[in-house]
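Each chain, written out:
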Amino acid sequence: MVLAVKTIGLIGGMSWESSQTYYALINEQVKARLGGLHSAKILLLSLDFSQIEKLQSSEDWSSAATILRNAAKQLEAGGAECFAICTNTMHQVFDEVSGAVRIPGLHIADALGEYAAQNSMRRLGLLGTRFTMERDFFRDRLSDNYGIAVSTPDEPQRLEIHRIIYEELCLGEIKDTSREYLIEVIRHLTEMDIDGVVLGCTEIGLLIEQAHVQIPVIDTASIHAQSLVDFAIDRQIF
């Protein structure tokens, strides 16, 4: 048996706190599957999140897409055999980025949809930036491709979650008061008869873990990383 491990391309830095989580998760899973001194083959292109955040705030998604397209092209030129955007929000421009390269892009909502289907989850609560919770690029992909219905917190809660992400988590600040707030939001979501709650921002996993709540928690960063490892490890028999 010959083991061929593909090179994973990561578009990170949005924020770098969650990008380092991707790097760790991917390498931990490769080591667990292959053993010994094995580690992942990764190309990481880390963007300046300040620039990206300004474009998000002004809803200039076209300019943001150009930056990510160029990043994907650089990864492809460097030898990456797939690419992933290490954030939920910037999947708003996934189709534009994917169309700029020949290598496949692994969509974070597809990783979530496949996980939910395997675990018979049809109704999910969603926490994330206000873009992810309010725009249709994430919810529609889950609904159209996997038949999953998504519930979100009310508007004041969405605004506060968004603030926690950008003003605390993206700056590496972990506050117990914010954790308690999110736990209370999750409690309200469970009243909507959901099967699980999605940590639909790759930073929220820095604050909320399964041990904090009773309902199943799905961390999109974790399952996205798992899908990348599934793609990268290719066992071939000659």
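Scope of this entry: the structure provided in the associated data block. (Residues numbered from 1 in each chain as written. Predicted model: local features only at pLDDT ≥ 70, side-chain atom pairs only at ≥ 80, totals over all residues. Heavy atoms only, no water.)

Attention shifts here to the overall build of the chain. When you go through the chain residue by residue, the secondary structure sums to 10 helices and nine strands. With respect to the principal axes defined by its C-alpha atoms, the chain has extents near 55 × 35 × 35 Å. Intrachain contacts of the chain at a sequence separation of at least 6 include 76% that bridge at least 24 residues. For the chain, the computed accessible surface area is about 10,800 Å², with 47% contributed by carbon and sulfur atoms. Treating the 20 positive side-chain charges of the chain as one cloud and the 33 negative ones as another, the clouds have centres 5 Å apart. (Helix = DSSP H or I, 4+ residues; strand = E, 2+ residues; numbered from the N terminus. Contact = heavy atoms within 4.5 Å. Areas by Shrake-Rupley, 256 points an atom, 1.4 Å probe, with all protein chains shown as cover. Lys, Arg positive; Asp, Glu negative; His and termini not counted. Charge placed at Lys NZ, Arg CZ, Asp CG, Glu CD.)

Looking now at the pattern of salt bridges. Following the criterion strictly, the structure yields 12 salt bridges and no others. The closest approach of N and O atoms between Glu-167 and Arg-163, which form a salt bridge, is 3.5 Å. Highlighted residues: Glu-167 and Arg-163, both in helix α8 (residues 155-167), separated by four residues, approximately one helical turn. Its salt-bridge partner being Glu-173, residue Lys-175 comes within 3.9 Å of it at the nearest N-O pair. Taken together, the salt bridges that share partners define one network made up of Glu-160, Arg-163, Glu-167 and Glu-168. (Salt bridge = Lys/Arg side-chain N within 4 Å of Asp/Glu carboxyl O.)

Now for empty space enclosed by the protein. Counted by the stated rule, this structure contains one cavity of 30 Å³ or more. Put simply, the largest cavity is a space of about 60 Å³. What lines the largest cavity is a set of 14 residues, among which Met-14, Thr-87, Thr-89, Thr-129 and Glu-203 lie closest to the centre. Among the elements of the structure, α2 (49-57) and α8 are those that each provide at least two residues to the lining of the largest cavity. Across the lining of the largest cavity, the residue classes break down as six nonpolar, seven polar and one charged. (1 Å grid on protein atoms, 1.4 Å probe; cavity = no way out; pocket = protein on both sides within 12 Å on 5 of 7 lines; lining within 4 Å. Points joined across faces, edges and corners; volume = space filled by probe spheres on them. Nonpolar A, V, L, I, M, F, W, Y, C, P; charged D, E, K, R; others polar.)

The next thing to look at is the packing of aromatic side chains. Scanning the entire structure with this criterion turns up four aromatic pairs. Note on Trp-61 and Phe-131: the rings are 5.4 Å apart at their centroids and 85° apart in plane angle, and the pair reads as edge-to-face. One end of the pair, Trp-61, is in helix α3 (residues 61-77); the other, Phe-131, is in helix α6 (residues 130-134), with 70 residues separating them in the sequence. According to the relative accessible area criterion, Trp-61 is buried, its value standing at 10%. Of note, Lys-6 hangs over the ring of Phe-231, and the distance from its end group to the ring centre comes to 5.3 Å. (Phe/Tyr/Trp six-rings, centres within 6.5 Å; stacked < 30°, edge-to-face > 60°. Buried < 20%, exposed > 50% of the residue type's maximum accessible area, 1.4 Å probe, protein only. Lys NZ or Arg CZ within 6 Å of the ring centre and 35° of its normal.)

With that settled, consider the nonpolar core. Counting residues in hydrophobic clusters, the biggest one holds 82 residues, and the most contacted among them are Ile-11 and Leu-68. Per element, the largest residue contribution to this core is eight residues, and it comes from α3. (Core = buried A, V, L, I, M, F, W, Y, C linked by side-chain atoms within 4.5 Å.)

Paired through backbone hydrogen bonds, the strands of a sheet run either parallel or antiparallel to each other. Read across the open sheet, the three strands follow the order β3-β2-β4; overall the sheet is parallel. Edge positions in the sheet fall to β3 (41-46) and β4 (82-85), since each of these pairs with one other strand and no more. Averaged over neighbouring strand pairs, the angle between their axes works out to 20° when direction is ignored. Docked against the sheet, α3 engages β2 (7-12), β3 and β4, running at close to 155° with respect to β2. Against the sheet, helix α10 (residues 220-232) engages β2 and β4, with an angle of about 180° to β4. (Pairing = 2+ DSSP bridges. Axes fitted to C-alpha atoms, helices over the stretch in contact; angles between N-to-C directions.)

Further remarks concern the packing of α8 against helix α9 (residues 176-190). Here α8 crosses α9 at 145°, and the two axes come no closer than 11 Å. Classified by chirality, the crossing of α9 by α8 is left-handed. Note on element contacts: α9 touches α8 through Ser-178, Tyr-181, Leu-182, Val-185 and His-188, opposite Pro-156, Gln-157, Glu-160, Ile-161, Arg-163 and Ile-164. Across the contact of α8 with α9, the residue classes break down as six nonpolar, three polar and two charged. (Left-handed = near helix turned anticlockwise from the far one by under 90°.)

Right, let's get into the side chain of Glu-168. Along the chain, Glu-168 falls in the loop between α8 and α9. Discounting chain neighbours no more than four positions away, the residues touching Glu-168 are Arg-163, Glu-173, Lys-175 and Ser-178.

Before going further, it helps to examine the pairing of β2. Burial of β2 is extensive: six of the six residues sit out of reach of the surface. Residues Thr-7, Gly-9 and Ile-11 point to one face of β2 and Ile-8, Leu-10 and Gly-12 to the other, with burial holding for every one of them. Looking at chain direction, β2 and β3 are connected through six bridges and run parallel. Looking across to β3, one finds that Ile-8 is bridged to Ile-42.

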